[in-house]
Amino acid sequence: MQVVTGECERVAVSVRDVSAGSQQQEQGIREISRGLQQMQGLTQSYAASEENAAAAEELSARSESLVGIIALIERLRRRKIEQPVTIVASGRTGSAARSWRSS
């Protein structure tokens, strides 16, 4: 009977050890999951930053084009040009003299 009792105690110790190991493993998995979620958040943030940078570059290029167009309009107004002038913008051409004549 003592042998059976001793073996039962050894099995109980083993079960407690396995249970403790399982709890540690569960905690480790939770930590890994949190780390992966943080990495996903950083990746999404980085992607959004890249998109914002691309949009800023596009806006900068467009504003440079607008500055050039405004400068041309101002030159035309100062000169009071009466003859047609062809303006090329965004692949389109057209006569701008009628539109840009000074009053």
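Residues numbered from 1 in each chain as written. Predicted model: local features only at pLDDT ≥ 70, side-chain atom pairs only at ≥ 80, totals over all residues. Heavy atoms only, no water.

(A) Main features of the overall build of the chain. Counting its secondary structure elements, the chain contains two helices and two strands. When the helices and strands of the chain are read in sequence order from the N terminus, they spell out α-β-β-α. With 103 residues in all, the chain has 6% of them scored as buried. Carbon and sulfur atoms form 54% of the exposed surface of the chain, whose accessible area is close to 9,000 Å². (Helix = DSSP H or I, 4+ residues; strand = E, 2+ residues; numbered from the N terminus. Buried < 20%, exposed > 50% of the residue type's maximum accessible area, 1.4 Å probe, protein only. Areas by Shrake-Rupley, 256 points an atom, 1.4 Å probe, with all protein chains shown as cover.)

(B) Examining the pattern of salt bridges more closely. Evaluated as defined, the whole model comprises three salt bridges. The partner of Glu 26 in a salt bridge is Arg 30, with the nearest N and O atoms 3.4 Å apart. Of the two residues, Glu 26 and Arg 30 are both situated in helix H1 (residues 2-79); the distance of four residues between them amounts to about one turn of the helix. Residue classification places Glu 26 among the partly exposed positions, given a relative accessible area of 44%. Its salt-bridge partner being Arg 62, residue Glu 58 comes within 2.8 Å of it at the nearest N-O pair. (Salt bridge = Lys/Arg side-chain N within 4 Å of Asp/Glu carboxyl O.)

(C) Fine view of a nonpolar patch on the surface. On the surface, Ile 32, Leu 36 and Met 39 cluster together to form a nonpolar patch covering roughly 330 Å² of accessible area. For Met 39, a relative accessible area of 51% corresponds to the exposed category. (Patch = residues over 30% accessible without salt bridge, like charges linked within 9 Å, V, L, I, M, F, W, Y side chains within 5 Å.)

(D) Focus on H1. The first and last C-alpha atoms of H1 sit 115 Å apart over 78 residues, in line with the 116 Å expected at 1.5 Å per residue. Positioned one or two residues after H1, Lys 80 has a phi angle of 50°, which is positive. (Expected span 1.5 Å × (residues − 1).)

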